[in-house]
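So you can see what is in the structure, the chains are spelled out below.
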Amino acid sequence: MTMTKMMSEINEQPEILKNLESVNKETLTALCAELKSKNIKRCTFTARGTSYHASIYAQFLLAAKCGIVSSYAMASWVTVYGSTLFSAEDLVIGVSQSGYAADALAVLEEARKNGAVTVAVTNDKESPMAKFADYHLFCAAEEEISVAATKTFTSEMGALLLLAAYWSEDKALLANFAELHKSIAAALKICDEKISDLTDKFVNLEHGFVLSRGLTYPIALEATLKSQETCYVKMKGYSVADFYHGPLAQVDEKTAIILFAMKGASQKDNLAMADKLREIGAQPLVVTDDEEVAKAAPLSFLLPDTGSEFTSPFVCAIFAQRFAESLCGKKGLNPDQPRNL
């Protein structure tokens, strides 16, 4: 069977992440020196789709590691309503795989006009965003051919993790990230061995939910997007905290649910949701790096333990990508040529 472009690019991720810090070290050092000298305490992200999900991950990192309050700029604030939002006290980060996102560029332009520090995270050094921003964090993932973003998603996450680690001078996080490529390779191997049998169980999937809380919440959103664009299933991602407030009413014993419950501060809440879903009669697929949790769950998928809850979202992303790619094939579809995109 011919390997899809999506699969090929998924498999490139260990090497990309292995080299990401060396590619961006000089830029990160200069950027964080300026952020500290200006005592920056606010950050705003501008992004769409997959890049937006990477930005949500970064918001958790900046809060936990740097004590930085961050928000998401709806581009229409600037492009439609002409609002002036920024000052010299702000850091504004535009995230776009291509670097050609016009609305994100417009936000960066407004930010620079008002004295903010601007950063672009892209996979193209020659893109408008990369050339415009004060600093460019480079994904260094080579051209992404598949429509469904995979390697650029984790490289965006990696670049933003490095920003948080350099800004906070977190040597332990940097050391953990330096070893992450090994966990990514291990996750790919596990998926090679087990993902096909798992997606056999979901071949008739038409709708459902992907849930989590905390650092893996953005991966729930990304897993939803990957399933939507490659398999045409009607999935919706939620924080488990929000899922209690209304959406839970949709669940019955036939509802398909994927739930990320990795080790760390949010695991207790995620497992409580899994228990609640089973009480209702649903059978959630629990994706975890915790062997005891995997053994206790009637339906589970065990991923490698990366050694940190701050890097475990990366192996969850690998699972989400491989799950969508495999399910797409089982449904007789081509993930490299999704309709309407």
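Just so it is clear, the model here is predicted, and its values are computed rather than measured.

Thresholds, definitions, all that
Residues numbered from 1 in each chain as written. Predicted model: local features only at pLDDT ≥ 70, side-chain atom pairs only at ≥ 80, totals over all residues. Heavy atoms only, no water. Pairing = 2+ DSSP bridges. Helix = DSSP H or I, 4+ residues; strand = E, 2+ residues; numbered from the N terminus. Axes fitted to C-alpha atoms, helices over the stretch in contact; angles between N-to-C directions. Contact = heavy atoms within 4.5 Å. Parallel < 35°, antiparallel > 145°, perpendicular 65-115°, else oblique. Left-handed = near helix turned anticlockwise from the far one by under 90°. Nonpolar A, V, L, I, M, F, W, Y, C, P; charged D, E, K, R; others polar. Expected span 1.5 Å × (residues − 1). Bend = angle between axes of the 7 residues up to and from the residue. Buried < 20%, exposed > 50% of the residue type's maximum accessible area, 1.4 Å probe, protein only. Salt bridge = Lys/Arg side-chain N within 4 Å of Asp/Glu carboxyl O. Right-handed = clockwise from strand over helix to strand, strands pointing away. Polar contact = N/O pair within 3.5 Å; in protein donor to acceptor, adjacent residues only side chain to side chain.

A. Region of the structure containing the sheet that holds strand 3 (residues 90–95). Sheet architecture is open: 5 strands sit in the order 2-1-3-4-5, paired in parallel fashion. At either end of the open sheet lies a strand with only one pairing partner, and these are strand 2 (69–72) and strand 5 (135–138). Averaged over neighbouring strand pairs, the angle between their axes works out to 20° when direction is ignored. Both strand 1 (residues 42–46) and strand 2 contribute to a ladder of 4 bridges, which runs parallel. Along strand 2, the bridge assignment pairs cysteine 43 with serine 70. Against the sheet, helix 7 (residues 151–168) touches strand 1, strand 3, strand 4 (117–122) and strand 5, its axis set at about 160° to strand 3.

B. Just the sheet that holds strand 7 (residues 234–239), in detail. Strand order in the open sheet made by the 5 strands is 7-6-8-9-10, with parallel pairing throughout. With partners counted over all chains shown, the strands left at the sheet margins are strand 7 and strand 10 (300–302), one partner each. Within the sheet, the average angular offset between the axes of one strand and its neighbour, ignoring direction, is 15°. Contacting strand 6 (207–212), strand 8 (256–260) and strand 9 (285–288), helix 12 (residues 267–280) crosses the sheet at an angle of about 160° to strand 8. Where helix 14 (residues 312–330) meets the sheet, its contacts fall on strand 8, strand 9 and strand 10, and the angle it forms with strand 8 comes to roughly 155°.

C. Inspection of the packing of helix 9 (residues 180–200) against helix 14 at higher detail. For the pair helix 9 and helix 14, the least separation of the axes is 9 Å and the interaxial angle reads 30°. Overall, the two elements helix 9 and helix 14 adopt an arrangement that is roughly parallel. For helix 9 against helix 14, the interelement crossing comes out right-handed. Judged by residue contacts, Leu180, Ser183, Ile184, Ala187, Leu188, Cys191, Asp192, Ile195, Ser196, Leu198, Thr199 and Asp200 of helix 9 engage Phe314, Val315, Ile318, Phe319, Arg322, Phe323, Ser326, Leu327 and Lys330 from helix 14. Partitioned by chemical class, the residues of the contact of helix 9 with helix 14 number 13 nonpolar, 4 polar and 4 charged.

D. The arrangement of helix 2 (residues 13–37) in detail. For helix 2, which comprises 25 residues, the first-to-last C-alpha distance of 34 Å matches the rise-based estimate of 36 Å (1.5 Å per residue) to within 8%. Along its length, helix 2 shows its largest kink, about 55°, at lysine 25. Turning to helix 2, its buried residues number three or more, namely Gln13, Pro14, Ile16, Leu17, Leu20, Asn24, Leu28, Leu31, Cys32 and Leu35. Immediately downstream of helix 2, the backbone of asparagine 39 shows phi near 55°, a positive value.

E. Summary view of the pattern of salt bridges. Across all of its chains, the model carries 19 salt bridges by this definition. Of the charged contacts in the structure, one is a salt bridge between arginine 42 and aspartate 90, with a shortest N-O distance of 2.9 Å. Note that arginine 42 is positioned in strand 1 and aspartate 90 in strand 3, a separation of 48 residues in sequence. Given the relative accessible area of 3%, aspartate 90 is considered buried. The closest approach of N and O atoms between aspartate 200 and lysine 330, which form a salt bridge, is 2.8 Å. One end of the pair, aspartate 200, is in helix 9; the other, lysine 330, is in helix 14, and 130 residues separate them in sequence. The exposure class assigned to lysine 330 is partly exposed, which follows from its relative accessible area of 30%.

F. How the structure looks around the pairing of strand 9. Judged by which residues are buried, strand 9 turns out to be covered on both faces: Leu285 and Val287 on one side and Val286 and Thr288 on the other are all buried. Relative to strand 9, strand 8 runs parallel, the two being bridged by 3 bridges. Looking at the pairing, phenylalanine 260 lines up with valine 287 of strand 9. Handedness of the crossover is the feature at issue here: the chain leaves strand 8, passes through helix 12, returns alongside strand 9, and the resulting connection is right-handed. With 3 bridges connecting them, strand 9 and strand 10 associate as parallel partners. Residue pairing in the sheet places valine 287 in a bridge with phenylalanine 301 of strand 10.

G. Focus on the side chain of threonine 230. Within the secondary structure layout, threonine 230 lies in helix 10 (residues 217–231). On the basis of relative accessibility, which here comes to 1%, the residue threonine 230 falls in the buried class. A polar contact is formed between the side chain of threonine 230 and the backbone oxygen of lysine 226, at a distance of 2.6 Å. Excluding its chain neighbours within four sequence positions, the residues that come into contact with threonine 230 are Met6, Ala148, Ala324, Cys328, Leu333 and Pro335.

Read these as spatial facts, not as claims about activity.
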